[in-house]
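Examining the three-dimensional arrangement
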Amino acid sequence: MRAIPLYLLGGLLALPVQASEVQDLLGRLAAAERQQSFQGTFIYERNGSFSTHAVWHRVEEGGEVRERLLQLDGPAQEVLKVDGQAQCVTGALADQVSEGQAWPARQLAVEQLNNWYDIRVVGQSRIANRPAVVLVLAPKDQHRYGFELHLDRETGLPLKSLLLNERGQLLERFQFAQLDTSVPAENAMQPSSSCRPVRFRAADSMAEGTWRSDWLPPGFTLTTAQVRRAPSADDPVTYLMYGDGLARFSVFLEPLKGRVVEDARSQLGPTVAVSRRMSTDSGDVMVTVVGEIPLGTAERIALSMRAGVPEQASP
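Heads up: these notes are all about the structure in this document. (Residues numbered from 1 in each chain as written. Predicted model: local features only at pLDDT ≥ 70, side-chain atom pairs only at ≥ 80, totals over all residues. Heavy atoms only, no water.)

Turning to the sheet that holds strand E5 (residues 85–89), a few remarks are in order. Overall, antiparallel pairing links the 11 strands, which are arranged E6-E7-E8-E9-E10-E1-E2-E3-E4-E5-E11 in an open sheet. Here the strands that pair on one side only, and so sit at the sheet edges, are strand E6 (117–127) and strand E11 (196–197). For E5 and E11, the ladder comprises two bridges, and the chain directions are antiparallel. Residue pairing for E11: Cys88 is matched across the bridge by Pro197. (Pairing = 2+ DSSP bridges. Helix = DSSP H or I, 4+ residues; strand = E, 2+ residues; numbered from the N terminus.)

Turning to the packing of aromatic side chains, a few remarks are in order. Inspection of the entire model under this criterion finds seven aromatic pairs. With a centroid separation of 5.2 Å and 45° between ring planes, the pair formed by Phe220 and Phe249 is classed as tilted. With a gap of 29 residues between them, Phe220 in the loop between strand E13 (211–213) and strand E14 (221–229) and Phe249 in strand E16 (residues 248–255) connect regions that are remote in the sequence. Judged by centre distance (5.1 Å) and plane angle (20°), the ring pair of Tyr242 and Phe249 falls under stacked. Its relative accessible area of 5% is what places Tyr242 among the buried residues. Put simply, the rings of Phe38, Phe42, Phe174 and Phe176 pair up and form one aromatic cluster. Here Arg300 stacks its cationic end above the ring of Trp215, 3.9 Å away from the centre of that ring. (Phe/Tyr/Trp six-rings, centres within 6.5 Å; stacked < 30°, edge-to-face > 60°. Buried < 20%, exposed > 50% of the residue type's maximum accessible area, 1.4 Å probe, protein only. Lys NZ or Arg CZ within 6 Å of the ring centre and 35° of its normal.)

Attention now moves to the pattern of salt bridges. Applying the stated criterion across every chain yields a total of 18 salt bridges. For Glu299, the salt bridge goes to Arg265, with nearest N and O atoms at 2.6 Å. Of the two residues, Glu299 is situated in helix H3 (residues 295–304) and Arg265 in strand E17 (residues 264–268); the sequence distance between them amounts to 34 residues. The network of salt bridges with common partners includes Arg58, Glu60, Arg66 and Glu186. (Salt bridge = Lys/Arg side-chain N within 4 Å of Asp/Glu carboxyl O.)

With that settled, the discussion passes to the state of the cysteines. Following the criterion strictly, the structure yields one disulfide and no others. With a sulfur-sulfur separation of 2.1 Å, Cys88 is cross-linked through a disulfide to Cys195. Taking the torsion about the S-S bond as the criterion, the Cys88 to Cys195 disulfide, at about 95°, is right-handed. Taken together, the residues span a long stretch of sequence, with Cys88 in strand E5 and Cys195 in the loop between strand E10 (170–180) and E11 at a distance of 107 residues. (Disulfide = S-S within 2.5 Å.)

On to the pairing of E6, then. By the bridge criterion, 10 bridges tie E6 to strand E7 (residues 130–139) in an arrangement that is antiparallel. Along E7, the bridge assignment pairs Gln124 with Val133. Hairpin remark: E6 followed by E7, antiparallel, with two residues in the connecting loop; positive phi at Ala128, about 55°.

Glancing now at the nonpolar core. Ranked by size, the top nonpolar core spans 41 residues in total, and within it Leu135, Leu137, Val251 and Leu253 carry the most contacts. Broken down by element, the residue count for this core peaks at five residues, all from helix H1 (residues 6–35). Looking at which domains feed residues into this core, each of domain 1 (16–195) and domain 2 (202–305) gives three or more. Sequence-distant contacts of Val251, defined by excluding residues within four places in its chain, comprise Thr238, Tyr239, Leu240, Tyr242, Val287, Thr288, Val289, Ile301 and Met305. Residues Ala32, Phe38, Val55 and Leu179 belong to the second largest nonpolar core, which totals 11 residues. (Core = buried A, V, L, I, M, F, W, Y, C linked by side-chain atoms within 4.5 Å. Domains from an automatic or database assignment. Contact = heavy atoms within 4.5 Å.)

In terms of residue burial, H3 counts as a mostly covered element, since seven of its 10 residues are buried. Taken together, the buried positions of H3 are Leu295, Thr297, Ala298, Glu299, Ile301, Ala302 and Ser304. Elements in contact with the buried residues of H3: E13, E16, E17, strand E18 (271–280), strand E19 (283–291) and strand E20 (305–307).

Once that is clear, we can look at the side chain of His143. Residue position: His143 is located in the loop between E7 and strand E8 (146–152). For His143, a relative accessible area of 10% gives the class buried. For His143, the side chain forms a polar contact with the side chain of Thr297, separated by 3.0 Å. Residues contacting His143, with those up to four places away along its chain left out, are Trp215, Pro217, Pro218, Phe220, Ile293, Pro294, Thr297 and Arg300. (Polar contact = N/O pair within 3.5 Å; in protein donor to acceptor, adjacent residues only side chain to side chain.)

With that settled, the discussion passes to the side chain of Asn165. Tracing the sequence through the fold places Asn165 in the loop between strand E9 (158–164) and E10. A residue is classified by how much of its surface remains accessible, and Asn165, at 12% relative accessible area, is buried. A polar atom in the side chain of Asn165 sits 2.8 Å from the backbone nitrogen of Gln169.

That's the geometry; what it means functionally is another story.
Here it is, written out as structure tokens:
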């Protein structure tokens, strides 16, 4: 039997260590924002446009998580969240938030991610004067984007996040410029007087089987289903959210009631929006898919939406 070359043997021995390190990093990332208080400033880039923000993130003794975000340039946009739900926001956004859809916290489903992403540690970096580990999540198909995450070695918090398309082009950047892991003072958590309390619109759970999709990208499952009243009409709008443990997209289905609306498609940075008119037995409906997924995937999802449950095959 031929001897295994030493360099190959070394690589094989390193694989379990790599896999173990990846799972440890993902676990720390999933838990970090629920367990670690911090405050700092970060840069957000989308579509070539930059903005700077301050964040105060405080984990209370009982486990409640409070977070205040303030845009530091341009309009003074502000959001105060408790356990992922917006309590107050600036401007007209305060009237447009529905129950269960107010800046929902991203729940990282670590056990699912290996099915849909090739995940590996690719090196080390230094962000906001803190040592970090670089983790790459490369999609296994064309229906989701890739991520490059720079995770703080001490806390597991994401110090930098890059969202990349299938050609490796940057769609979105989040990067801390300064991070302090001490607990923010109580007065720092108080919003300004311009932060208006959120008035939630009524949202009822959707009757099961009202809508279905004949095709979904592999790994995406339904996580939220609601029916709510549109602000400008009495007609119900169905809202569906799907996720794969990291990426998400939403589907809105609104009865047109004779209105003439054109199909549309757009993309701003990583966010796409596809709207298509669909005919049903009850009249025409506008289907709109919004999310951080490739445009072709969003179009296919919009075309796949159907009213009702699938017909059962005859025995």
